[in-house]
Each structure stands twice: as structure tokens, then as C-alpha cells.
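# Analysis of the macromolecular model
Listed here are the chains, written in short residue letters.
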Amino acid sequence: QVQLVEFGGGLVQAGGSLRLSCAASGRTFSSVVMGWFRQAPGKEREFVASISWGGGSPYYADSVKGRFTISRDNDKNTAYLQMNSLKPEDTAVYLCAARALTEASYNYWGQGTQVTVSS
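So, here's what we can say about the structure. Quantities reported herein were computed from a predicted structural model and do not represent experimental measurements.

## Digging into the packing of aromatic side chains
Tallied over the entire structure, the rule returns 5 aromatic pairs. Centroid distance Phe 37 to Phe 47: 5.5 Å. Interplanar angle 75 degrees. Geometry classified as edge-to-face. Residue Phe 37 is located in strand E4 (residues 32-39), and its partner Phe 47 is located in strand E5 (residues 46-51); the two are separated by 10 residues in the primary sequence. On the basis of relative accessibility, which here comes to 24%, the residue Phe 47 falls in the partly exposed class.

## Section: the state of the cysteines
Across all of its chains, the model carries 1 disulfide by this definition. Linked covalently through their sulfurs, Cys 22 and Cys 96 form a disulfide whose S-S length is 2.0 Å. Disulfide Cys 22-Cys 96: torsion about the S-S bond near -80 degrees, hence left-handed. With Cys 22 in strand E3 (residues 18-26) and Cys 96 in strand E9 (residues 92-100), this pair connects stretches of sequence that are 74 residues apart. You can call Cys 96 buried: its relative accessible area is 0%.

## A word on the nonpolar core
Among the nonpolar cores identified, the biggest contains 29 residues, and Met 34, Trp 36, Leu 81, Met 83 and Tyr 94 are the most heavily contacted of them. Secondary-structure elements contributing two or more residues to this core are strand E1 (2-7), E3, E4, E5, strand E7 (68-73), strand E8 (78-83), E9 and strand E11 (113-118).

Scoring rules and cut-offs
- Residues numbered from 1 in each chain as written.
- Predicted model: local features only at pLDDT ≥ 70, side-chain atom pairs only at ≥ 80, totals over all residues.
- Heavy atoms only, no water.
- Phe/Tyr/Trp six-rings, centres within 6.5 Å; stacked < 30°, edge-to-face > 60°.
- Helix = DSSP H or I, 4+ residues; strand = E, 2+ residues; numbered from the N terminus.
- Buried < 20%, exposed > 50% of the residue type's maximum accessible area, 1.4 Å probe, protein only.
- Disulfide = S-S within 2.5 Å.
- Core = buried A, V, L, I, M, F, W, Y, C linked by side-chain atoms within 4.5 Å.

What follows is the structure in C-alpha cells.
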């Protein structure tokens, strides 16, 4: 199993930046795909980005391409989401997620961290 906890949410003005961190614990982290999702009030959960266990094949939702960057550091058991050029519509609870390399669905989820972008 993998346990996840997010850090780094907060309040930022439009055009600013934040970096989210996702600390993972467990014995299968090196074989896990990491993902970031977000959910705004009254809206469905939305995929943001993902990255493979080896750090390759980053994938982004169209809404964040060119602005957000996902990365991971296996030595620190941590995944990151660097968010630049933030917009008010990026306001949401951001959730870290993980799935086994051999599985199609995300099996593990963090508690979420609030990101609020003011205009």
C-alpha cells in the first residue's frame, strides 16, 4: 500500500505560482504512477497531470499545458506539481493520487490541499 499527503496549497494572486508536494510512504513507491487531480465546488473531479515511476511520460490536461509541470523524486519519495501563471479558474482542492504500475485505476489518494487564486 501507499499513503499520500499533500503540502503547499494556499492563496495566490492571478499570474502567480505555487508548488505542491505529495509525500508518499510505503514499499511500492518506485513501481507507482503518480497523478494530480483537482475538484472545484460543484464540479466533477478533473485530471491534471501524471508521471510514470521512472519520471518519464508526463501527461497533462489541456487546461494546464504550458503552465504546470509534474515531477517526482524517488529518493525523497515525493511528487511535485509546479503551477505557474495561475488563473482564478485553477481554484480547487488539489489531490495527489497513485496507482500500481500494472493497474489502470488510481488506488490511493491524499486528503487534498486547497489552492485559491484571486483575481
